[in-house]
Amino acid sequence: MFRVKGKENRERKENATSRVTSIEDLGVQGKADGVIKTIRILPSRGWVPIKLKDIWEYRELLYFLTWRDIKVRYKQTVLGATWAILQPFLTMVIFSIFFGKLAGLPSDGIPYPIFSYSGMVIWLFFANGVTLSSSSMVSEANTIKKVYFPRMVIPISAILSGGVDFILAFIVLLGMMVFYGIMPTVAIVWLPLLFLLAFVTSLGVSLWLSAMNVMFRDVRYVVPFLVQAWLFATPIAYSSSLLKGKWKTIYGINPMAGVVDGFRWAILGVETKPGPMIAVSSVVAVALLISGAYFFRRMERSFADVV
Amino acid sequence: MCLDNLAVQVEGLGKQYRIGERQARYRSLRGTIADGAKAPFLRAASLLRGQAYGAASLRAEIWALRDISFEVKKGEVLGIIGRNGAGKTTLLKVLSRITVPTEGVAEIRGRTSSLLEVGTGMHPELTGRENIYLNGAVMGMKRAEIRRKFDEIVEFSGVETFLDTPMKHYSSGMQVRLAFSVASYLEPEILFIDEVLSVGDAEFQKKCLGKMDEVAKGGRTVLFVSHNMSAVTRLCERTILLDEGGILYDGQTQNAVKTYLKTGMGTTAEREWPDPEKSPGNDIVRLLGVRVRIEDGRVTDAIDIRKPVGIEMEYEVLKSGHVLVPNLHFFNEEGVYAFVVNEQGPTWRGKPKVPGHYISTAWIPGNFLSEGSMIVGAAISSMNPVIIHFYEKDAVAFQVIDSLDGDSARGDYAGPFPGVVRPMLKWTTDYRG
């Protein structure tokens, strides 16, 4: 008998409210005619588990949202996906003129244009991911208010959709390598891992920002500034070899410094082999992701009410 | 009690919202600046504590739901009615996990789908074909499942020819049809539906109601929120009546509808314009209010189909010398222009109204209107020459409800009963043989 009255009822309620998990999947109960999924809905307070399993269950939705973002991104633009190439390419041209030629910044012994372009390609994957993703919860407000799914799917798909832009810009990078006669070394096998590190950093930052953006639209004004400042704090226009020894390791606190340096080493085979710096970057990136995920989950419960 | 045959169990469920408080009227500039300077830090602190509810200062709290307990058996179709703000949608949102309850427990046994809106996630830049997949995925369908049902969905929607056209070029009717078609091919064990029948053209609505009948009879558990009393009466055996976040009645649909009727929990039944500057009208006459009343004088939006209903217009005449004729325009929920009425009677016919305060009421007899929503537009015009002083479209609305007691014009027939009006006529039948 489920219905309980009076005191017993109150006890039951208190019992329920002291639980930490919001929606506890009691799992699958075996039944003669198949399986019945039971969902318990309870109030939720404080920190809650991340529940990667939930996100995995909604992987098809993740796929469709990413696919939609890719399809829609360059609709009604004249140049279409060319923008994915123009963005890093034009930045490279400007950097080459001002930083390469006029300021004469060192470029680790490779031509400055390909030096800055290679940094730009992986940087833009990160930066565009952060920009799109941090506003994603607000732009998906209507969906959030009408359907249930693990909310984390939204910022993840926003970053993943930038993967196509990355591939296009990367193809141009390969073309430039042919042009400058640079052969990749065996270090190229590290490329997927470095891409993953860029993704982890981007997602970590985005989870913090997108969750905050739901509550405080101030985030929208902070992001462009943050991204720009971060760009100059990352060795794209200049080389991290400007820093030596201990300082270079500390520089790794900016996870994108490790990513850009590592990316350049993996694809172009420059001498600046990543040392302790990339280890620091990896730790920071993972810490950002885990803390971001917990923060996001904590804020998640009020998204539909506030956004 | 065998728990196995329950699909939904709700126990002491409550949901509290914080709403923005009005700011105090008089504040010193210094105080405002000081508060303004402190505010970001206070907010940042509350954000870090995880208690932030947006950038506005939110202190007032309201319970949108309180102490809700009920059970739904497998295969049962439960109606949920109540006036606007009674908590119907909040209840569905909690049950479909969109928002988290503040207290209580709910247990849902089975695969669920919630239909709080049709077409969620659809994108205007994408084609119809692409949107079917996208919307299906958002509603919780698997890709293989969508692929399997694709042809049926397209056929049901009737937009085959525009399948590869971006949806932004669709008419709004086509968009709704496509969206509803996807929704109607969801196959959950438990379905939560919120007032989705109020969209689409008349013909398509009929198709949807038919589909709903099918779903309801197909052994699925359905929780159905609606303002459409005739649909609720037809589809649900049991109905919960919500009022101010609590359950006012839980039981037979007919009784729930009757209780709703009796308590007259209407909101759309009255419109007032206290500010003459903003009220409809001109320098000759201004509208002050429009109300839907029943015989005992109560204002209500739930009208028994057998009883007369009065539409009352309150207005102020500002200039003398004009013959002013109040008139009312009636539309049904499908937007069909049902009829128009002009003020009648020898007292005022052709006579100018002197400045002052007036109330005119038109009485529609019982057993005349059809079931469903009636939307009323209110106007005052002058004849010879024709001047429309104001025409307030959608001034008030009310529901005509047939509680299926058997003494309405519907007789003993319980199925869909078409027509803009449903008069009770005098019949004669002679036996001739």
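In this text, all values refer to a predicted model and were calculated from it rather than measured experimentally. (Residues numbered from 1 in each chain as written. Chains lettered and ligands numbered in written order. Predicted model: local features only at pLDDT ≥ 70, side-chain atom pairs only at ≥ 80, totals over all residues.)

**Student:** Please clarify how the overall build of chain B should be interpreted in this entry.
**Tutor:** Helix and strand counts for chain B stand at 8 helices and 18 strands. The burial tally for chain B puts 42% of its 433 residues in the buried class. In chain B, once contacts between residues fewer than 6 apart in sequence are set aside, the share between residues at least 24 apart is 72%. (Helix = DSSP H or I, 4+ residues; strand = E, 2+ residues; numbered from the N terminus. Buried ≥ 20, exposed ≤ 12 C-beta atoms within 10 Å, placed from the backbone. Contact = placed C-beta atoms within 7 Å.)

**Student:** Which parts of the structure should I look at to understand the overall build of chain A?
**Tutor:** A count of helical and extended segments in chain A gives 15 helices and 2 strands. Counting the 307 residues in chain A, one finds 45% classified as buried. Nonlocal contacts in chain A, meaning residues at least 24 apart in sequence, comprise 77% of its contacts between residues at least 6 apart.

**Student:** How should the packing of helix α5 (residues 112–134) of chain A against helix α10 (residues 191–215) of chain A be read in this particular structure?
**Tutor:** Packed helices, taken two at a time, are described by the angle between their axes plus the distance between the axes. Residue and element names in this part refer to chain A. Look at α5 against α10: their axes get within 8 Å of each other, and the N-to-C directions meet at 20°. As summarised for this structure, α5 and α10 are arranged roughly parallel, according to the angle between their axes. You can see that α5 and α10 cross each other, and the crossing is right-handed. Every residue of α10 that contacts α5 at Ile122, Phe125, Phe126, Gly129, Val130, Ser133 and Ser134 is listed here: Ala198, Thr201, Ser202, Val205, Ser206, Leu209, Ser210 and Asn213. Grouping the amino acids of the contact of α5 with α10 by side-chain chemistry returns 7 nonpolar, 8 polar and no charged. (Axes fitted to C-alpha atoms, helices over the stretch in contact; angles between N-to-C directions. Parallel < 35°, antiparallel > 145°, perpendicular 65-115°, else oblique. Left-handed = near helix turned anticlockwise from the far one by under 90°. Nonpolar A, V, L, I, M, F, W, Y, C, P; charged D, E, K, R; others polar.)

**Student:** Can you walk me through the sheet that holds strand β10 (residues 270–272) of chain B in this structure?
**Tutor:** Each strand in a sheet pairs with its neighbour through backbone hydrogen bonds, running either in the same direction (parallel) or in the opposite one (antiparallel). All names here are of chain B. Pairing in this open sheet of 4 strands is antiparallel, and the strands run β10-β11-β13-β16 from one edge to the other. If you trace the sheet from one side to the other, it starts and ends with β10 and β16 (356–364), each paired once. Ignoring which end each strand starts from, the neighbouring axes of this sheet average 20° apart. When strand β11 (residues 285–294) meets strand β13 (residues 309–317), the two strands line up antiparallel, connected through 9 bridges. Of the residues in β13, the one forming a bridge with arginine 286 is glutamate 316. (Pairing = 2+ DSSP bridges.)

**Student:** Can you walk me through the packing of helix α13 (residues 255–268) of chain A against helix α14 (residues 276–300) of chain A in this structure?
**Tutor:** All names here are of chain A. The geometry of α13 relative to α14 is characterised by a closest axis approach of 7 Å and an angle of 130° between their N-to-C directions. Considering their axes alone, α13 and α14 lie oblique with respect to each other. Relative to α14, the crossing made by α13 is left-handed. Of the residues in α14, those touching α13 at Pro255, Ala257, Gly258, Val259, Asp261 and Gly262 are Met277, Ile278, Val280, Ser281, Ser282, Val284, Ala285 and Leu288.

**Student:** Where do I start with the pairing of strand β3 (residues 77–81) of chain B in this structure?
**Tutor:** Side-chain direction in a regular strand flips from residue to residue, so the side chains alternate between the two faces of the sheet. Residues and elements named next belong to chain B. Judged by how many residues are buried, β3 sits mostly within the fold: 5 of 5 residues are covered. Burial along β3 is two-sided: the face carrying Val77, Gly79 and Ile81 and the face carrying Leu78 and Ile80 are both buried. Both β3 and strand β7 (residues 221–225) contribute to a ladder of 4 bridges, which runs parallel. Its bridge partner being in β7, valine 77 is matched across the sheet by valine 222.

**Student:** What exactly am I supposed to notice about the environment of His329(B) here?
**Tutor:** All names here are of chain B. Relative to the helices and strands, histidine 329 resides in strand β14 (residues 325–332). By C-beta crowding, histidine 329 is classed as partly exposed, having 19 other C-beta atoms within 10 Å. Through-space distance from the C-alpha of histidine 329 to that of glutamate 314 is 16 Å; in sequence the pair is 15 residues apart. If we skip the residues at most four places from it in the chain, histidine 329 touches Val340, Val376, Gly377 and Ala379.

**Student:** Teacher, can you tell me more about unusual backbone geometry here?
**Tutor:** Peptide bonds are mostly trans, and most non-glycine residues show a negative phi. Residues and elements named next belong to chain B. Residue proline 385 follows asparagine 384 across a cis peptide bond; omega there is -10°. Relative to the assigned elements, proline 385 resides in the loop between β17 (372–382) and β18 (387–401). One non-glycine residue with positive phi stands out, namely glutamate 244, at about 50°. Mapped onto the elements of the fold, glutamate 244 is located in the loop between β8 (238–243) and β9 (246–252).

**Student:** Sorry, what's going on with the sheet that holds β9(B) here?
**Tutor:** Residues and elements named next belong to chain B. Read across the open sheet, the 6 strands follow the order β5-β6-β7-β3-β8-β9; overall the sheet is mixed. Edge positions in the sheet fall to β5 (112–115) and β9, since each of these pairs with one other strand and no more. Neighbour-to-neighbour, the strand axes of this sheet turn through a mean angle of 15°, independent of strand direction. The strands touched by helix α2 (residues 88–95) are β3, β5, β6 (190–194), β7 and β8; relative to β7, the strand with the most contacts, the crossing angle is about 145°.

**Student:** What should I look at first to understand the confidence of the model for chain A in this one?
**Tutor:** Caution applies to low-pLDDT regions: their predicted coordinates should not be interpreted in detail. Averaged over every residue, the pLDDT of chain A is 85; the share at 70 or more is 88%. With pLDDT under 50 throughout, residues 1–34 of chain A is counted as low confidence; its partners more than four residues away or in other chains account for 47 contacts. (pLDDT = per-residue confidence, 0-100.)

**Student:** Please clarify how the pairing of β17(B) should be interpreted in this entry.
**Tutor:** All names here are of chain B. The pairing of β14 with β17 spans 8 bridges and is classified as antiparallel. The partner of phenylalanine 331 across the bridge, within β17, is isoleucine 375. In the sheet, β17 pairs with β18 via 10 bridges, with the strands oriented antiparallel. Pairing of serine 382 across the sheet is with isoleucine 387, part of β18. In textbook terms, the turn of a hairpin is the stretch between consecutive antiparallel strands, and for β17 and β18 this stretch comprises 4 residues, one of which, asparagine 384, has a positive phi near 45°.

**Student:** Where do I start with the environment of Ala127(A) in this structure?
**Tutor:** Residues and elements named next belong to chain A. The residue alanine 127 is located in helix α5 in this model. Alanine 127 sits in the buried class, given 24 other C-beta atoms within 10 Å. For the pair alanine 127 and isoleucine 159, spaced 32 residues apart in the sequence, the C-alpha separation amounts to 9.5 Å.

**Student:** In this structure, what is going on with helix α8 (residues 153–160) of chain A? I would like to understand it.
**Tutor:** Think of an α-helix as 3.6 residues a turn; residues three or four steps apart then line up on the same face. Residues and elements named next belong to chain A. Within α8, 8 of the 8 residues are buried, which leaves it mostly tucked inside the rest of the structure. Those residues of α8 that sit buried are Val153, Ile154, Pro155, Ile156, Ser157, Ala158, Ile159 and Leu160. Of the surrounding secondary structure, the elements contacted by the buried residues of α8 are α2 (52–57), α3 (59–73), α5, α6 (136–139), α9 (162–180) and α10.

**Student:** So what exactly am I meant to see when it comes to helix α4 (residues 82–102) of chain A here?
**Tutor:** Taking 1.5 Å of rise per residue, the 21 residues of α4(A) would be expected to cover 30 Å, and the 29 Å separating its terminal C-alpha atoms lies within 8% of that figure. Every buried residue belonging to α4(A) is among Ala84(A), Pro88(A), Met92(A), Phe95(A), Ser96(A) and Gly100(A), and all of these are buried. (Expected span 1.5 Å × (residues − 1).)

**Student:** Just checking my understanding: could you explain the confidence of the model for chain B for this structure?
**Tutor:** Residue and element names in this part refer to chain B. For chain B, the mean per-residue pLDDT works out to 83, and 84% of the residues sit at or above 70. When mean pLDDT is taken per element in chain B, β13 scores highest with 95 and helix α1 (residues 29–48) scores lowest with 61. Low pLDDT (under 50) marks residues 21–28, which in the prediction has 4 contacts with non-local residues, meaning those over four places away or in another chain. Across residues 52–58, where pLDDT falls below 50, the model places 20 contacts with residues more than four positions away in sequence or in other chains. Interface predicted TM-score (ipTM) for the complex: 0.80; the corresponding pTM is 0.73.

**Student:** Is there a simple way to explain the environment of Phe126(A) in this structure?
**Tutor:** Residues and elements named next belong to chain A. With respect to the helices and strands, the residue phenylalanine 126 is situated in helix α5. For phenylalanine 126 and glycine 162, which are 36 residues apart along the polypeptide, the C-alpha to C-alpha distance reads 8.6 Å. In contact with phenylalanine 126, other than residues within four places in its own chain, are Ala198, Thr201, Ser202 and Met256.

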